[in-house]
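# Analysis of the macromolecular model
The chain contents come next:
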Amino acid sequence: MRYLIYLRVSTKEQDNRSQEDACMNYLRSKHGNDPFEYLVFADKITSKKGVFTRTGSRQLLKTMQPGDTIVCIRIDRLSRIPEDSTKLLADLERRKINIIAI
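Notes on the structure in this doc start here.

Criteria and cut-off values
Residues numbered from 1 in each chain as written. Predicted model: local features only at pLDDT ≥ 70, side-chain atom pairs only at ≥ 80, totals over all residues. Heavy atoms only, no water. Salt bridge = Lys/Arg side-chain N within 4 Å of Asp/Glu carboxyl O. Helix = DSSP H or I, 4+ residues; strand = E, 2+ residues; numbered from the N terminus. Buried < 20%, exposed > 50% of the residue type's maximum accessible area, 1.4 Å probe, protein only. Pairing = 2+ DSSP bridges. Right-handed = clockwise from strand over helix to strand, strands pointing away. Core = buried A, V, L, I, M, F, W, Y, C linked by side-chain atoms within 4.5 Å. Contact = heavy atoms within 4.5 Å.

A few words on the pattern of salt bridges. All chains considered together, the criterion is met by 8 salt bridges. For Glu-20, the salt bridge is made with Arg-17, and the minimal N-O distance between the two is 3.6 Å. One end of the pair is Glu-20 and the other is Arg-17, both in helix H1 (residues 17-31) and 3 residues apart, which spans about a single turn. A residue is classified by how much of its surface remains accessible, and Glu-20, at 18% relative accessible area, is buried.

Structure, rendered in structure tokens:
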């Protein structure tokens, strides 16, 4: 299993470093000293774009494989658009992808 960390900020003033640190701390607490595989995907200044149109999230969706787990700080980092959220969750379920919002 591998982890796909997704980071998103909506404004120039925001930085995704705290999101990445929180996700990595969660994964390290879960795995201890055992190694784990992860990839990081990020989008910046995307408040008006949907999950299926952002560059980073599109790369994440293209990379996903059955058994992968998406890790994000909050579910709204993936999508705030209700229709996109519904479509995304159905796609994740169909493709057997897990999601953890820490």
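What follows continues from the structure just given.
The next point concerns the pairing of strand S4 (residues 98-101). In this structure, strand S3 (residues 69-72) lies alongside S4, joined through 4 bridges in parallel fashion. Bridge pairing in S4 links Thr-69 to Asn-98. Remark: the S3/helix H3 (residues 82-94)/S4 crossover connection has right-handed handedness.

We note that Lys-96 has phi near 60°; this positive angle belongs to a residue other than glycine. The topology assignment puts Lys-96 in the loop between H3 and S4. For Lys-96, a relative accessible area of 59% puts it in the exposed group.

Take the nonpolar core next. Among the nonpolar cores identified, the biggest contains 13 residues, and Leu-4, Leu-60, Met-64, Ile-70, Leu-78, Leu-88 and Leu-92 are the most heavily contacted of them. Elements represented by at least two residues in this core include exactly strand S1 (2-9), helix H2 (55-63), S3 and H3. Not counting chain neighbours up to four residues away, the residues in contact with Ile-70 comprise Leu-4, Leu-60, Met-64, Leu-78, Leu-92, Ile-97, Asn-98, Ile-99 and Ile-100. Among the nonpolar cores identified, the runner-up in size contains 8 residues, and Ile-5, Cys-23, Leu-27 and Val-71 belong to it.

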